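Residues per chain, in single letters:
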Amino acid sequence: MLVTTLPLYDYLVIRPSFDKFLTESTNDEALKIAKHFVTRFLPKETGLSKNTIKYYVSGGIENLQSDFRLTKFKIFSNSGEIIFSSDPKEIGNINNERYFHEIVAKGKVITKGIQKETKSLEGQVMSVDVVETYVPLMSDGNFRGAFEIYYDITARTEPLRGT
């Protein structure tokens, strides 16, 4: 009985609890990174645009990715336009998804754990386990833009998944 019960308990209780804890702790890290980025690189009152990012960032994002082991990092304008991405092909694309305009643009953080070979909130199939976090950038109650931060959590989840 124990032989069948223990794997079931692991699958139904332990793994979901671990995934929830990992997602929540990674969410906290994303908030710290966004705050660090804003205070270090962005002027307080300037709107976010491609020119603003190019002028103020110039290499700082690459250091941020390396320092915090981020797999992907995006910056959105308040309209949802990607004005910076660690994948340059995405720059200029618009996020028209409801969650972005109805949740993130209202000042709420969204965090989602995504397993390898499943889709992110934007519909991209992930090649590794990640936590995807959207952090809104607000100023005096106004939405200035958002950060999208992807953490590769594969190494943290492998022992639990038996790989």
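Residues numbered from 1 in each chain as written. Predicted model: local features only at pLDDT ≥ 70, side-chain atom pairs only at ≥ 80, totals over all residues. Heavy atoms only, no water.

Participant: Quick question: what am I supposed to make of the sheet that holds strand 1 (residues 70–77) here?
Facilitator: Strands in a sheet are paired, the pairing made by backbone hydrogen bonds, and the direction either parallel or antiparallel. Strands sit in the order 2-1-5-4-3 across an open sheet of five strands; the sheet is antiparallel. The open sheet has two edge strands with one neighbour each: strand 2 (82–85) and strand 3 (110–114). Strand-to-strand, the axes of this sheet are offset by a mean angle of 15°, without reference to chain direction. (Pairing = 2+ DSSP bridges. Helix = DSSP H or I, 4+ residues; strand = E, 2+ residues; numbered from the N terminus. Axes fitted to C-alpha atoms, helices over the stretch in contact; angles between N-to-C directions.)

Participant: I keep staring at the environment of Y134 and nothing clicks. Help me out?
Facilitator: One can find Y134 in strand 4 (residues 130–139). According to the relative accessible area criterion, Y134 is buried, its value standing at 0%. Y134 sits 35 residues away from Y99 along the chain, and the two C-alpha atoms are 10.0 Å apart. In contact with Y134, not counting residues within four places along its chain, are F76, N95, Y99, F100, V104, K108, V109, I110, L121, E122, F147 and E148. Within the structure, the side chain of Y134 is placed 3.2 Å from the side chain of E122, a separation counted as a polar contact. (Buried < 20%, exposed > 50% of the residue type's maximum accessible area, 1.4 Å probe, protein only. Contact = heavy atoms within 4.5 Å. Polar contact = N/O pair within 3.5 Å; in protein donor to acceptor, adjacent residues only side chain to side chain.)

Participant: I keep staring at the nonpolar core and nothing clicks. Help me out?
Facilitator: The nonpolar side chains of a soluble globular protein tend to be buried with one another. If you look at the biggest cluster of nonpolar residues, it comprises 15 residues, and the most contacted ones within it are I33, L70, F73, I75, F147, I149 and Y151. Breaking this core down by element, the ones donating at least two residues are helix 1 (2–41), strand 1, strand 2, strand 4 and strand 5 (142–152). Membership of the second largest hydrophobic core comes to ten residues, among which are F76, I82, F100 and A105. (Core = buried A, V, L, I, M, F, W, Y, C linked by side-chain atoms within 4.5 Å.)

Participant: Explanation requested: the pairing of strand 5 in the structure shown.
Facilitator: A regular strand places its side chains so that they alternate between the two faces of the sheet. Within strand 5, nine of the eleven residues are buried, which leaves the element mostly enclosed by the surrounding structure. Sheet topology note: the strand 1/strand 5 ladder contains seven bridges and is antiparallel. Bridged to I75 within strand 5 is F147. In the sheet, strand 4 pairs with strand 5 via ten bridges, with the strands oriented antiparallel. Its bridge partner lying in strand 5, V131 is registered against Y151.

Participant: What is the right way to look at the packing of aromatic side chains in this model?
Facilitator: The description of an aromatic ring pair rests on the distance of the ring centres and on the angle between the ring planes. Overall, the coordinates contain six aromatic pairs when judged by the stated rule. Both rings, one in F76 and one in Y134, keep their centres 6.0 Å apart while their planes meet at 35°; by these two values the pair is tilted. Here F76, found in strand 1, pairs with Y134, found in strand 4; they are 58 residues apart in sequence, far enough to count as distant. For F76, a relative accessible area of 0% corresponds to the buried category. Here the aromatic rings of Y99 and Y134 are separated by 5.3 Å at their centres, their planes lie at 65°, and the arrangement is edge-to-face. Of this pair, Y99 sits in helix 4 (residues 98–102) while Y134 sits in strand 4; the two residues are 35 residues apart in sequence, bridging distant segments of the chain. Each member of the aromatic cluster is reached from another via a ring pair, and the members are F76, Y99, F100, Y134 and F143. Positioned over the ring face of Y150 is K72, at 5.5 Å from the centre of the ring. (Phe/Tyr/Trp six-rings, centres within 6.5 Å; stacked < 30°, edge-to-face > 60°. Lys NZ or Arg CZ within 6 Å of the ring centre and 35° of its normal.)

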